[in-house]
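Okay, here's what each chain looks like letter by letter:
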Amino acid sequence: MKPLIIGTALALSLGLAHAAHAKSLVYCSEASPEGFDPARYTSGSTFDASSKTIYNRLVEYKRGTTEIVPALAQRWEVSNDGKVYTFHLRPGVKFQTNEEFKPTRDLNADDVVFSFERQTGKKEFAAYSQGASWSYYNDVGLPQSVAAIDKVDDLTVRFTLQKPNAPFLGLIALDFASIVSKEYADQLVASHRVDDFNHKPVGTGPFQLVAYQQDAVIRYQAFADYWGGKQPIDDLVFAITTDASTRIQKLKADECQIAVYPTPADIAALKEDSSLNVLQRPGLNVGYLAFNTTQKPFDDVRVRRAITQAVNKKAILDAVYQGSGVIAESVLPPDMAGFNRSLNTIQFDPKAAKATIEELGLSGTKATLWAMPVSRPYNPNGRRTAEILQANLHDVGLDAEIISFEWGEYLKRSNDPKHDGAVLAGWTADNGDPDSFLTPLLACASVGGNNKAVWCNKDFDQLLEQARSETDSAKRSSLYERAQQIAADESPWIPLANGLITVATSKRVTGYQIEPSDAHRFDGVDIGD
C-alpha cells in the first residue's frame, strides 16, 4: 500500500479550531492497515482502522456482545419463508467530507445497494474495483446465497435470498458489509482517481480520517455530524507499534492510553500496576497451522495426519501462551455453538509420525513454515511457535525452513492458492455463529481467500450448506459437529490453541470494552484528566 498523508491543510484547520479543549486518546495498535476500504480485506488490524472507526453497517453488534442491533437500518422485517429481508434506513444520516469530496445528499438506498453490488464481480462495477478480490463477501458464501438486492424507495432496501440463511443477519453486520458512498465512488471513477476510495475514505461512522503516515500513525477526528451523536473523544490516534514490549512501555509512559496484545509473560506485572486496568475475556478464536493441501507433501492426507501427530501442542502452549490459552482440538472454539465435544482427534505420537514419514520415503524432505509477524490472542508469538513446530518436524525427519513477511504481504501471499508450505494463521469469530469459522476458513468457495489450506471437500461443503438453511438450532449444531469430524479426519490444518484476549488501559480511560470478536472500538470511549 502506498504511503498516504491526507488533507494536511484540513488537518491543520480542524486541529487548530478545537485544540484548546480537545480530548485526545492514543491507541497503541499492533499493525498497519492494508487500506481503508474494509470490503477488500479480512485483517482485524484493517477493520479496527476502517470499519470500526469510519464506517457503519445496516445492523451492528452491541458493544461488548454478539447481539445484533439497529445501525443504518433502524428496523427490518423478514418474510415468513425466511428468504426476504426488508431494511428501513435511518433518515438524515450524513456522510463525512474530505478536501476532494463534499456530499450533496444524505445516505440512501443507492448507497446500500452499491456497497454490496460492487463486491459481486459484475462487469458494470469493474471500474470501481481496481483489482479488489472482495474475499470476505465471497468467503461467507453471499454470492451463492443472495438472489437480488433491490431499492424499494430512497429509504428502503430489499434482499432476496436463494433459500433461508440462518446466519444472514449476522453476516451483514460484518466489516465487509460497511456502507460506502456511491456518490463519492462515482466522482472518483469520473476523475480517474478510484484508488483514493481505499486511501481517502468517506463513511458515516463516529470518526473521520484526518491523516495517515504508513507504519507510524493514523489520526482521526470525531465526526461532528455522526448520526449516533458526537463522540466524547475529539482526537483519536493509532500509534502503530509492532513490538509488544514497546507498546507496554508507551502505555506506562502515558504515550498511549490503550495497548493490545501484551506478551503473556508481562500480564502479571501489568495487573500489579496501580495506574493501569487489565481487561481479559476468553476469545472466540483459534490459532492454527494450515497446510497447502494441493502441494507435495501436504497433498497426502497421511502426511498431514503424521505431522499432526508430531506437533507438541502442550509445549507450544507452555512456551508461547504461558497461561493465556488452552489447547485447541477443533476448528471451532469450545465455547461456540456446534462445538463437537465428542470429536475423534489425532493424538500426539511422534514415534508413529516418524514411522509414517519413513514408510512414505519422505525423510529429509524440505518444507516451509510461515511465521506470523504480529501478535494475536490466538498466537502471541508466531516466530516462537514456528520454531517449536520446526523442531517437532525435525524430530520426525522433516526439514522445515521458517519464512515471514510484513503483515499485509503475509496475508496477501498466504491467501494465494499457489503459496508454498504450511501457514501459521488464526481466526476470531465476528458474529458468534459457527458458520463464521467453517465457511470462510475451509469451504471450497473460500479457496483464494481465507481458505489457506486450499482444501475443498464436497461432503464438508454439503453439511455447511444444509446448516445454513436449517432453522432448528439442535439440528444445525449436529450438522456442524459432523463437519468438524470430516475436518479432523482430513487434517487440512492443525488447530493449536484458543487464546485469552488481554488489553491494558490507563485508568483514565472509561467505557472501553473487549469485543468477543477481538475488535477494537472507540465509540463510547472517554478519557479523564
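What you are looking at is a predicted structure, and each value in this text was computed from that prediction instead of being measured.

A. Here's a closer look at the packing of aromatic side chains. In the structure shown here, the tally under the stated rule is 28 aromatic pairs. Summarising the aromatic geometry, the rings of Trp-76 and Phe-87 are spaced 6.3 Å apart at their centres and angled 40° between planes, so their arrangement reads as tilted. Separated by 11 residues along the polypeptide, Trp-76 in strand 4 (residues 73-78) and Phe-87 in strand 5 (residues 84-89) bring together distant segments of the chain. A residue is classified by how much of its surface remains accessible, and Phe-87, at 0% relative accessible area, is buried. Judged by centre distance (5.1 Å) and plane angle (65°), the ring pair of Trp-455 and Phe-460 falls under edge-to-face. Taken as a pair, Trp-455 and Phe-460 share a single burial class, namely buried. These aromatic residues form a ring-pair network of at least three members: Trp-76, Tyr-85, Phe-87, Phe-116, Phe-159 and Phe-168.

B. A look at the sheet that holds strand 7 (residues 156-161). The 4 strands lie next to each other as 4-5-7-6, forming an open sheet whose pairing is antiparallel. With one partner strand each, in any of the chains shown, strand 4 and strand 6 (146-153) form the two edges of the open sheet. Direction aside, the axes of adjacent strands within the sheet are offset by 20° on average. As paired elements, strand 6 and strand 7 share 6 bridges and run antiparallel to each other. Within the sheet, the bridge partner assigned to Ala-148 lies in strand 7 and is Thr-160. Contacts from helix 3 (residues 109-117) reach strand 5, strand 6 and strand 7 within the one sheet, and its direction differs from that of strand 6 by about 165°.

C. Looking closely at the packing of helix 17 (residues 458-469) against helix 18 (residues 473-490). With their axes 9 Å apart at the nearest point, helix 17 and helix 18 run at an angle of 165° to one another. The angle between helix 17 and helix 18 falls in the class roughly antiparallel. Seen from above, helix 17 lies across helix 18 with left-handed handedness. Together, Asp-459, Phe-460, Leu-463, Leu-464, Gln-466, Ala-467 and Arg-468 of helix 17 and Arg-476, Leu-479, Tyr-480, Arg-482, Ala-483, Ile-486 and Ala-487 of helix 18 make up the contact between the two elements. For the contact of helix 17 with helix 18, the class distribution of residues is 9 nonpolar, 1 polar and 4 charged.

D. Main features of the nonpolar core. If you look at the biggest cluster of nonpolar residues, it comprises 142 residues, and the most contacted ones within it are Leu-25, Leu-58, Phe-87, Phe-116 and Tyr-220. The dominant element in this core, judged by the number of residues it contributes, is strand 18 (residues 493-506), at 6 residues. Ignoring any residue separated from it by four or fewer positions in sequence, one finds Phe-87 in contact with Leu-58, Val-59, Ala-73, Arg-75, Trp-76, Leu-155, Thr-156, Val-157, Phe-159, Phe-168, Leu-169 and Ile-172. Core analysis: the second largest hydrophobic core is formed by 12 residues, Cys-28, Val-237, Ala-239 and Ala-504 among them.

E. Structural view of the state of the cysteines. The final tally for this structure, using the stated rule, is 2 disulfides. Put simply, Cys-444 and Cys-456 are joined by a disulfide, and their sulfur atoms are 2.0 Å apart. Taking the torsion about the sulfur-sulfur bond, which here is approximately 95°, the covalent link between Cys-444 and Cys-456 counts as right-handed. In this pair, Cys-444 sits in the loop between helix 16 (435-442) and helix 17 while Cys-456 sits in the loop between helix 16 and helix 17, placing the two residues 12 residues apart along the sequence. Since its relative accessible area comes to 42%, Cys-456 is described here as partly exposed. Ordering the disulfide-forming cysteines of the chain by sequence position, one finds them joined as 1-2, 3-4.

About the criteria used
- Residues numbered from 1 in each chain as written.
- Predicted model: local features only at pLDDT ≥ 70, side-chain atom pairs only at ≥ 80, totals over all residues.
- Heavy atoms only, no water.
- Phe/Tyr/Trp six-rings, centres within 6.5 Å; stacked < 30°, edge-to-face > 60°.
- Helix = DSSP H or I, 4+ residues; strand = E, 2+ residues; numbered from the N terminus.
- Buried < 20%, exposed > 50% of the residue type's maximum accessible area, 1.4 Å probe, protein only.
- Pairing = 2+ DSSP bridges.
- Axes fitted to C-alpha atoms, helices over the stretch in contact; angles between N-to-C directions.
- Contact = heavy atoms within 4.5 Å.
- Parallel < 35°, antiparallel > 145°, perpendicular 65-115°, else oblique.
- Left-handed = near helix turned anticlockwise from the far one by under 90°.
- Nonpolar A, V, L, I, M, F, W, Y, C, P; charged D, E, K, R; others polar.
- Core = buried A, V, L, I, M, F, W, Y, C linked by side-chain atoms within 4.5 Å.
- Disulfide = S-S within 2.5 Å.

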